[in-house]
Amino acid sequence: MRIALLSDVHGNLPALEAVLDDLDDDDVDATACAGDVVGYGPWPAECVDRVREACSVVVRGNHDRNVESPDEYLHNDMAHAGLEHAQAELSREQRVWLAGLTPWTEFADRAFQLAHSHPDPERLGTYVLPRDFAQMRPYLDDYDGLVLGHTHVQHEATIDGRLVVNPGSVGQPRDSDPRAAYAILDTDALTVDLRRVEYDVDRVIERVEDEGLPRRIGTRLLDGS
């Protein structure tokens, strides 16, 4: 199977549309999302709808989890503002859908695990950076691979013949590449193709300002920080 991997959309509709348009030119069997559909960006409702249409499997990220409790992010003005915006914009049905997502799941006939952050339930919310991928080996005993999000850093590694993949962030890359990130997983060959696509960042900056969100939510997208 060829499966498209998305993560960390963060309410960035132009980036999500660019990725989905890019996927139209590819032959994939399914699409999976490693969470954080909302938060930060100005189009939470539209991104929820598009992800629900496009993705057969989705897990819940930390921003998805905190739509009902934005004050958990009072220490971060951008995250707090984005969550308050999402809370105001999402319908009740959309919020129920987000709340019903799980932090972890399996896909591709249970050969792969999908998690937003650390796969250990005791470490929910912990970042797994590229330098930490080798430490994921104990969580691969029952799987061909592990797909993670949360860090917004695109990376893949093979550990004892098993894959660990972060497809990067669709809507808010933090790896110094401003292009929207995603990946294509081949579950038969156990390979992954890391991809980037250009999108209209200026459109996001303009909408951020129109919605009264912190301007840095938009301008940080210019350099992938």
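To be clear, the structure that these remarks concern was listed above.
This report concerns the structure included in the present document. (Residues numbered from 1 in each chain as written. Predicted model: local features only at pLDDT ≥ 70, side-chain atom pairs only at ≥ 80, totals over all residues. Heavy atoms only, no water.)

### Overview of the overall build of the protein
Then step 1. Looking only at helices and strands, one finds 7 helices and 10 strands in the protein.
Then step 2. Against the globule reference of 17 Å for 225 residues, the protein gives a C-alpha radius of gyration of 16 Å, in line with a compact fold.
Then step 3. Expressed along its principal axes, the backbone C-alpha trace of the protein runs to roughly 50 × 40 × 35 Å.
Then step 4. Relative to its 225 residues, the protein shows a buried fraction of 58%.
Then step 5. Sequence-distant contacts, at least 24 apart, represent 64% of the contacts inside the protein between residues at least 6 apart.
Then step 6. Roughly 9500 Å² of accessible area belongs to the protein as shown, and the carbon and sulfur atoms make up 41% of that amount.
Then step 7. Once the 21 positive and 44 negative side-chain charges of the protein are each reduced to a mean point, those two points are 3 Å apart. (Helix = DSSP H or I, 4+ residues; strand = E, 2+ residues; numbered from the N terminus. Rg over C-alpha atoms; globule rule 2.2 N^0.38 Å. Buried < 20%, exposed > 50% of the residue type's maximum accessible area, 1.4 Å probe, protein only. Contact = heavy atoms within 4.5 Å. Areas by Shrake-Rupley, 256 points an atom, 1.4 Å probe, with all protein chains shown as cover. Lys, Arg positive; Asp, Glu negative; His and termini not counted. Charge placed at Lys NZ, Arg CZ, Asp CG, Glu CD.)

### What to know about the sheet that holds strand E9 (residues 180-186)
Note: strands within a sheet are paired through backbone hydrogen bonds, in either parallel or antiparallel orientation.
Then step 1. Reading across from one edge, E3-E2-E1-E9-E10 is the order of the 5 strands in this open sheet, with mixed pairing throughout. In this open sheet, the two strands that pair with only one neighbour each are strand E3 (57-58) and strand E10 (191-197).
Then step 2. Across 2 bridges, the pairing between strand E2 (residues 30-33) and E3 is parallel. Paired with Ala32 across the strands is Val57, a residue of E3.
Then step 3. Relative to the sheet, helix H1 (residues 13-23) contacts strand E1 (2-6), E2, E9 and E10, its axis offset from that of E9 by approximately 35°. (Pairing = 2+ DSSP bridges. Axes fitted to C-alpha atoms, helices over the stretch in contact; angles between N-to-C directions.)

### Considerations on the packing of H1 against helix H2 (residues 44-54)
Then step 1. For the pair H1 and H2, the least separation of the axes is 10 Å and the interaxial angle reads 20°. One finds that H1 runs roughly parallel with respect to H2. The element H1 and its partner H2 pack so that their crossing is left-handed. For the pair H1 and H2, the contacting residues are Leu13, Leu16, Glu17 and Leu20 in the first and Glu46, Cys47, Arg50, Val51 and Ala54 in the second.
Then step 2. Its residues placed into classes, the contact of H1 with H2 shows 6 nonpolar, no polar and 3 charged. (Parallel < 35°, antiparallel > 145°, perpendicular 65-115°, else oblique. Left-handed = near helix turned anticlockwise from the far one by under 90°. Nonpolar A, V, L, I, M, F, W, Y, C, P; charged D, E, K, R; others polar.)

### Some details on the pairing of E10
Then step 1. Two elements, E9 and E10, share 7 bridges in a ladder whose sense is antiparallel. By the bridge assignment for E10, Tyr182 is matched with Arg195.
Then step 2. Between E9 and E10, which follow one another and run antiparallel, lie 4 residues, and Leu190 among them has a positive phi close to 55°.

### Structural notes on the side chain of Gln172
Then step 1. By secondary structure assignment, the location of Gln172 is in the loop between strand E8 (162-166) and E9.
Then step 2. On the basis of relative accessibility, which here comes to 2%, the residue Gln172 falls in the buried class.
Then step 3. Excluding residues within four positions of it along the chain, Gln172 makes contact with Asp8, Tyr40, His152, Arg220 and Leu221.

### Let's talk about the packing of H2 against helix H5 (residues 92-99)
Then step 1. With their axes 11 Å apart at the nearest point, H2 and H5 run at an angle of 60° to one another. In this view, H2 runs oblique relative to H5, as classed from their interaxial angle. Here H2 runs over H5; the crossing is left-handed. Along the contact surface, H2 presents Ala45, Val48, Asp49, Val51 and Arg52, while H5 presents Glu93, Gln94, Trp97 and Leu98.
Then step 2. Among the residues making up the contact of H2 with H5, the classes are represented as 5 nonpolar, 1 polar and 3 charged.

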